[in-house]
Amino acid sequence: MNATEKALVLKVGRFRESDCWVKLLTPTRGIFNAFAFGGSRSRRRFVGCLDPLSHVLFTFGANKTGTYIVLAEGSLLHNFPGVRTDPVKTGLAVNCIKFVEAIEIDPSDARPAYELLLETLYMLEKGGGNSDFVPWLFRAKLAFEMGYKPDFLSCGICGKSVTVQSGYQFGVEKGQVACQTCLSGGKPLEGLARPISTGVLRALDWIQSSQPADWAKVVMDREVRRQSSQLVELFVAYHLGLSWDNGMYKKV
Ligand SMILES: [Zn+2]
């Protein structure tokens, strides 16, 4: 096996005198560990590549017995100096990385995670993003991208578009909206359901179609933000089995 692929470096550790292990995320392989033998000494093969948050084009192969992956060389594409030198931005980036790690992403789902993380780093690098929005917008967007694409703008039972009326509920299990007419007609949502306003439905729809670059200038009514983020956490907990607790993601 010899391959060349773009990767985001998530973590780097050193062992023995000059060897490194590197935790990588690539669009086709997901998250995996690889070894860079002589990596901390080689100025030529890995210039600037073996630092967390680096975006690198790596050439890698397997060892003789095929039991682990060895990095042969790398070309640095970007190392996000603006994120790296700002503790707040570093914290936001690490928060997003921890979430991707906690999902235990399948290689077939790796591309959206890789692309979203990369776009988020570029947005932070350009000076955007704050802690009120980035962490939960990232979780929301990734959960929606991974195939759980709720339709927030029409009733999942009768199909009518969401209007300014009140009385909507959102069923977390099926990612389905139900309107007041359907609910009062005795068609309840299955499982966990929450009342939801039109404003929150529109906010969630916006998040679903947004790009990280849009998050830099997002403005959201305080109450809409509170309710939207609560619903996102319920959705993530149910579909990805994770909740944020005390600085780490826990399986729920
Ligand atoms: Zn309906």
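Here the residue numbers are simple positions, counted from 1 along each chain's written sequence. Residue-level local features of this predicted model are given only where pLDDT is at least 70; pairs of side-chain atoms are given and counted only at 80 or more, and the full residue set underlies all totals for whole chains, interfaces and linings. Heavy atoms throughout the structure, all of them, feed into the side-chain values; hydrogens and water do not.

A. The arrangement of the sheet that holds strand β2 (residues 19-26) in detail. Two strands qualify as a pair provided that DSSP identifies no fewer than 2 bridges between them. Helical segments are the DSSP runs of H or I of at least four residues, strand segments are the runs of E of at least two, and each set is numbered from the N terminus. Judged by pairing direction, the barrel is mixed, and its five strands sit side by side in the order β1-β2-β3-β5-β4 before closing back on the first. The mean angle between the axes of side-by-side strands here comes to 50°, regardless of whether they run parallel or antiparallel. Pairing geometry for strand β4 (residues 55-62) and strand β5 (residues 69-78), over eight bridges, is antiparallel. Note that in β5 the partner of H55 across the bridge is H78. Contacts between residues were defined by any pair of non-hydrogen atoms, one from each residue, lying within 4.5 Å. Angles run from 0 to 180 degrees between N-to-C directions of axes, and those axes are lines fitted to C-alpha atoms, restricted for helices to the stretch in contact. Running at roughly 110° to strand β1 (residues 2-15), helix α2 (residues 87-103) makes contact with β1, β2 and β3 (30-36) of the sheet. Most of the contacts of helix α3 (residues 110-125) go to β1, to which it runs at about 65°, and overall it touches β1, β2, β3, β4 and β5.

B. Structural detail: the nonpolar core. For our purposes a nonpolar core is just a set of buried Ala, Val, Leu, Ile, Met, Phe, Trp, Tyr and Cys residues, chained together by side-chain atoms within 4.5 Å. The cut-offs for exposure are 20% and 50% of the maximum accessible area for each residue type, with area from a 1.4 Å probe on protein chains only; residues under the lower value are buried, those over the upper are exposed, and the others partly exposed. The biggest cluster of nonpolar side chains holds 59 residues, and the ones touching the most others in it are F99, F138 and L142. The set of elements that each furnish at least two residues to this core consists of β1, α2, α3, α4 (134-145), β6 (168-171), α6 (198-209) and α8 (222-240). Where each domain begins and ends is defined by an automated method or by a domain database. The residues that make up this core include at least three from each of domain 1 (2-79) and domain 2 (81-252). If sequence neighbours within four positions are ignored, F138 has contacts with C96, F99, V100, L116, L117, T120 and W215. V9, L24, F58 and F60 belong to the second largest nonpolar core, which has 17 residues in total.

C. A look at the coordination of the zinc ion. Taken together, the protein donors to the zinc ion comprise C155 (SG), C158 (SG), C179 (SG) and C182 (SG), at separations of 2.3 Å. Note on donors: an N, O or S atom is included if it sits within 2.8 Å of the metal, or within 3.2 Å for Na, K and Ca, and water is never included, so sites can look incomplete. Only four donors with every angle between 85 and 135 degrees are called tetrahedral; only four or six donors with opposite donors over 155 degrees apart and all others between 65 and 115 are called square planar or octahedral, in that order; all others are irregular. Around the zinc ion sit four donor atoms, and with donor-metal-donor angles ranging over 106 to 115° the site reads as tetrahedral. Sequence positions of the residues that donate to the zinc ion give the spacing C-x2-C-x20-C-x2-C. With C158 in the loop between α4 and β6 and C179 in the loop between β7 (176-178) and α5 (180-184), the pair connects residues that are 21 residues apart, well separated along the chain. For C158, a relative accessible area of 38% translates into the label partly exposed.

D. Local environment of the environment of V219. Considering the arrangement of structural elements, one finds V219 in the loop between α7 (212-215) and α8. Considered as a pair, V219 and F133 are 86 residues apart in the sequence and their alpha carbons are 9.4 Å apart.

E. Here's a closer look at the packing of aromatic side chains. Note on aromatic contacts: the rings of Phe and Tyr and the six-membered ring of Trp form a pair at centre separations within 6.5 Å, being stacked when their planes are under 30 degrees apart, edge-to-face when over 60 apart, and tilted otherwise. This model, assessed by the stated rule, comprises 14 aromatic pairs. Between F15 and F35, the aromatic rings sit 5.7 Å apart at their centres with planes inclined by 75°, giving edge-to-face as the arrangement. Placement of F15 in strand β1 and of F35 in strand β3 is noted, with a sequence separation of 20 residues between them. A ring pair is formed by F99 and F138, whose centres lie 6.4 Å apart and whose planes are at 80°; its orientation type is edge-to-face. Here F138 lies in helix α4 and F99 lies in helix α2, a separation of 39 residues in the sequence. F138 sits in the buried class, given a relative accessible area of 0%. An aromatic cluster is defined as three or more aromatic residues linked by ring pairs; in this entry it consists of F144, Y148, F152, F170 and F235. Consider the ring centre and the ring normal. A charge sits over the ring if Lys NZ or Arg CZ is within 6 Å of that centre and within 35 degrees of that normal. Note that R225 overlies the ring of F133, its terminal NZ or CZ placed 5.6 Å from the centroid.

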